[in-house]
Amino acid sequence: MGKRNFKTGKGFAKRDKKQPNGNGTWTDVQRENEKWEKYYKALGLIPENEWDTFKEHCQRDLPLTFRVTGSRSHALEVNQKFIDNHVAKLQDEEFEGQKLAPKNIEFYPAQLGWQLDVPKSVIRKNAQFAETQRFLVLETVVGNISRQEAVSMIPPLLMDVQPHHAVLDMCAAPGSKTAQIVESLHANDEQELASGFVIANDSDYKRSHMLVHQVKRLNSPNFLVVNHDAAMFPRINLDGEIVKFDRILCDVPCSGDGTMRKNVNVWKDFTVGNGLGLHSLQVNILNRGLQLLKPGGRLVYSTCSMSPIENEAVVAEALRKWGSAVSLKDCSDELPGLKRRSGVSSWEVYGKDMTVKEKGDESVPSTAFPPSEEEVKLFNLDRCIRVYPHLQNTGGFFITVFEKQPDTKKGLKRTSTETESEEKKPKVEESAPVKKQKAPRTANEEPFVFLDPSNDQLKQCWDFYGINDKFPKDTALVRNAMGEPCRLIYYASPTIAKILKIEEQKLKLVHAGIKMFTTQRNDSSNCPWRVQSESLHTLKNYLGDSRHLSCNTEMLKILLLEAFLKIDNLRETGLDEEFCKKLEEISEGCVFLTVKREGHEDCLFPLWKGRANVNLMVNKHDTQELLMRLFDIATSAKDEGKEKKHQKEMESKRSSEQPEEKEAKEAEV
């Protein structure tokens, strides 16, 4: 068995571009490997007249690539801002004869994918890039831009995820593809909230927590992180039925030789044995994925390896095992801008000793060999997609799309060593005691405890904010052993809540739910709970009008620039008299503020209304991004934020006051 912790883009643990040379100094990692060159030349995957170009691209660093994310109208707005303020200005600029202007990734839809061919050193230090660098950093921090390798964007695009789909990402960490999948699920939220869900799994407990960080910015209540061996992913029994998935991503652990442009240690660590050692694991994970796939569903199998042993051989074994129950989808008409090569049906199998092996040789897996002539006609392996670095200045990647036929029992072939599918598993007699498996100590560290909708604290929130009964009020939860709302109340979508509520829970749960309410230290409000920003997107269609205000963009600018503004001072600006009037009439506590923007998506913010002042509850980075995008007001990374600035001003003011003035104010408070 190969190294089980290998993962797409993570085939080699270190990414250092330098290595010790034995003299106490460091030298660049040599981007040469005789075994790699001999192996891929012998396979003949790259035409001889392209080899030099192919190798030269493999030896280069990858270009910086990213995609603009968010709801459709929001993403288009951010993208247009990037084009107008940055791409256009850099259009004629050059560095050492190379164009500085970003260019679109040809295959990414709606021109929302971008590529910068200049080195990072230029982006960070070049004066022409200073504003662009600040834009990219800010938009990335707030989640409007997602840094992702271009080829890594392909599998989620080919999954064709829709808002009602049940989706499983079997080997999800570190999570860039998972985030892309979750974005697709919520693509139409402007019209209607997604009813589907995404379960993201990783076999490594620590790596599964990376998924939480990666996807947290998307604020999705339809997202669940679990921790399992993908090849033995457990059945989920929901309402008496086993959950099957409409879409599955099977981005399996691989040797990662397609990542040598960013993971330069691949050059010194490459051996044929890496792929051979992972082949059986890849077969088992793909087979489990096909078992979990719903009839009529779509599964995408992918690796960042270029070896047929990890790609077509694995696909062929799945087709051999499942017969006519599954087939490969012809994706030649999808992603028209993608430059690709077809999958192969013939290859030689090399052993660890770099000699060609014949079928029957026990030193290599029997399933690593190419299909027979009869199987070649049935399998259509040419429908697999191969992406090579020199075709579009990318990494190397392999993608295949499986479709499951409506009648999956037909044609499925099983061997005696194969894990039985759900339909064939023997039922446990009712009289036989079932031994409960104790969950590992690391699993479920914080329980998911659902609150009764009539809970006093919850009811206070429903009434105070006018949240109507169309909102699913039985999916609010807390994550503490007492099961009481102490500091935070979370929300999970109805389907995710159903999964979390399964009594005999086989899933090792890591993360679910978004923050909905948090306690407010200021107890002068009629409700001690305020709404969290991350749940506004979910709650907005269920809120009453009693605590809802609107203002114009000029008023928003002031609220973004200044913290804890006195309401009297706001009125004196004369910018929005209607807003100020309603603000004075409303009781203390959390308020919802809508900012109407002609021709653009409306903005919704939580606003805290105090006894005499008001504060927009937007964090520092979001504030800086809004000022830049809406008002072209530049900020720097060193800016402390309006709250910190206000705090310092108040401390300075207090320190300059006379002792008797301080005592008088304290007595007044």
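Being a predicted model, the structure only gives us computed values, none of them experimental. (Residues numbered from 1 in each chain as written. Predicted model: local features only at pLDDT ≥ 70, side-chain atom pairs only at ≥ 80, totals over all residues. Heavy atoms only, no water.)

### Examining the overall build of the protein chain
Then, in step 1: Along the backbone of the protein chain there are 22 helices and 32 strands.
Then, in step 2: Out of the 669 residues in the protein chain, the part that is buried amounts to 54%.
Then, in step 3: Across the protein chain, the fraction of contacts at a sequence separation of at least 24, relative to all contacts at a separation of at least 6, is 74%.
Then, in step 4: Carbon and sulfur atoms provide 47% of the accessible area of the protein chain, an area that totals close to 32300 Å². (Helix = DSSP H or I, 4+ residues; strand = E, 2+ residues; numbered from the N terminus. Buried < 20%, exposed > 50% of the residue type's maximum accessible area, 1.4 Å probe, protein only. Contact = heavy atoms within 4.5 Å. Areas by Shrake-Rupley, 256 points an atom, 1.4 Å probe, with all protein chains shown as cover.)

### Observations regarding the sheet that holds strand β28 (residues 548-551)
Sheets are built from strands that pair by backbone hydrogen bonding, the pairs being arranged parallel or antiparallel.
Then, in step 1: Read from one edge of the open sheet, five strands run β28-β30-β31-β32-β29, paired in mixed fashion. Each having just a single partner strand, β28 and β29 (565-566) make up the two edges of the open sheet.
Then, in step 2: As paired elements, β28 and strand β30 (residues 589-595) share four bridges and run parallel to each other. Among the inter-strand pairings, L549 is bridged to a residue of β30, identified as L593.
Then, in step 3: Packed onto the sheet, helix α19 (residues 577-585) meets β28, β30, β31 (603-609) and β32 (613-616) and runs at close to 155° relative to β28. (Pairing = 2+ DSSP bridges. Axes fitted to C-alpha atoms, helices over the stretch in contact; angles between N-to-C directions.)

### Some thoughts on the packing of helix α3 (residues 72-90) against helix α5 (residues 130-142)
Packed helices, taken two at a time, are described by the angle their axes make and the gap between the axes.
Then, in step 1: Packing of α3 against α5 brings their axes to within 10 Å, and their N-to-C directions diverge by 160°. Between α3 and α5, the angle is such that the two are roughly antiparallel. Both α3 and α5 take part in a crossing whose hand is left-handed. Residues V78, K81, F82, H86, K89 and L90 of α3 touch α5, and the partners they reach there are E131, T132, F135, L136 and E139. (Parallel < 35°, antiparallel > 145°, perpendicular 65-115°, else oblique. Left-handed = near helix turned anticlockwise from the far one by under 90°.)

### With respect to the packing of helix α7 (residues 176-185) against helix α8 (residues 205-216)
Then, in step 1: The geometry of α7 relative to α8 is characterised by a closest axis approach of 9 Å and an angle of 45° between their N-to-C directions. By the criterion of interaxial angle, the relationship of α7 to α8 is oblique. Taken as a pair, α7 and α8 cross one another with a handedness that is right-handed. Contact residues: α7 offers S176, T178, A179 and V182, while α8 offers L211, Q214 and V215.
Then, in step 2: Across the contact of α7 with α8, the residue classes break down as four nonpolar, three polar and no charged. (Nonpolar A, V, L, I, M, F, W, Y, C, P; charged D, E, K, R; others polar.)

### Description of the nonpolar core
Then, in step 1: F66, I154, L158, V387 and I399 are the most contacted members of the largest nonpolar core, which totals 61 residues.
Then, in step 2: When residues of this core are assigned to their parent elements, the largest contribution, five residues, is made by α3.
Then, in step 3: The two domains that each donate at least three residues to this core are domain 1 (63-147) and domain 2 (150-404).
Then, in step 4: Setting aside chain neighbours within four positions, we find I154 in contact with F107, L335, L338, V387 and I399. (Core = buried A, V, L, I, M, F, W, Y, C linked by side-chain atoms within 4.5 Å. Domains from an automatic or database assignment.)

### Some thoughts on helix α17 (residues 553-561)
Then, in step 1: What α17 keeps buried is the set M555, L556, I558, L559 and L560.
Then, in step 2: Looking at where α17 begins, the residue whose side-chain oxygen comes 3.3 Å from the main-chain nitrogen of E554 is N552. (Polar contact = N/O pair within 3.5 Å; in protein donor to acceptor, adjacent residues only side chain to side chain.)

### What about the pattern of salt bridges?
Then, in step 1: Under the defined criterion, the tally for this structure stands at 33 salt bridges.
Then, in step 2: D251 is the partner of K177 in a salt bridge, and the nearest nitrogen-oxygen pair spans 3.1 Å. Residue K177 is located in helix α7, and its partner D251 is located in strand β14 (residues 245-251); the two are separated by 74 residues in the primary sequence.
Then, in step 3: Overall, the relative accessible area of 7% leaves K177 in the buried class.
Then, in step 4: One salt bridge in this structure joins R571 and E584, with 2.0 Å as the shortest N-O distance. In this pair, R571 sits in helix α18 (residues 567-573) while E584 sits in helix α19, placing the two residues 13 residues apart along the sequence. (Salt bridge = Lys/Arg side-chain N within 4 Å of Asp/Glu carboxyl O.)

### Section: the UniProt feature "binding site: S-adenosyl-L-methionine" (unreviewed entry) in the protein chain
Then, in step 1: UniProt's entry tags C171, A172, A173, P174, G175, S176, K177, D202, D229 and D251 with the feature "binding site: S-adenosyl-L-methionine" (unreviewed entry), counted in the numbering of this structure.
Then, in step 2: In this structure, S176 sits in helix α7.
Then, in step 3: For S176, the residues in contact, after removing those within four places along its chain, are R67, Q148, S152 and Q214.
Then, in step 4: With respect to the secondary-structure elements, D202 resides in the loop between β10 (197-201) and α8.
Then, in step 5: Classification of D202 by relative accessible area gives buried; the value is 4%.
Then, in step 6: If sequence neighbours within four positions are ignored, D202 has contacts with M170, C171, A172, A173, R207, S208, L211, V226, N227 and H228. (UniProt positions renumbered as here; feature names shortened; annotations may be inferred.)

### A few points about the pairing of strand β9 (residues 166-169)
For a regular strand, side-chain orientation follows a simple rule: the groups alternate between the two sheet faces.
Then, in step 1: Taking every second residue as pointing to the same face, both faces of β9 are buried, with A166 and L168 on one and V167 and D169 on the other.
Then, in step 2: Where β9 and β10 come together, four bridges link them in parallel fashion. Of the residues in β10, the one forming a bridge with A166 is F197.
Then, in step 3: Handedness of the crossover joining β9 and β10 through α7: right-handed.
Then, in step 4: Note: β9 against β14, three bridges, orientation parallel. Counterpart to V167 in the pairing with β14 is R247. (Right-handed = clockwise from strand over helix to strand, strands pointing away.)

### A look at the sheet that holds strand β27 (residues 529-531)
Then, in step 1: Read across the sheet, five strands follow the order β22-β23-β24-β26-β27 without closing on themselves; strand pairing throughout is antiparallel. Whereas interior strands pair on both sides, the edge strands pair on one side only; in this sheet they are β22 (449-450) and β27.
Then, in step 2: As paired elements, strand β24 (residues 488-491) and strand β26 (residues 514-519) share four bridges and run antiparallel to each other. Bridged to Y490 within β26 is K515.

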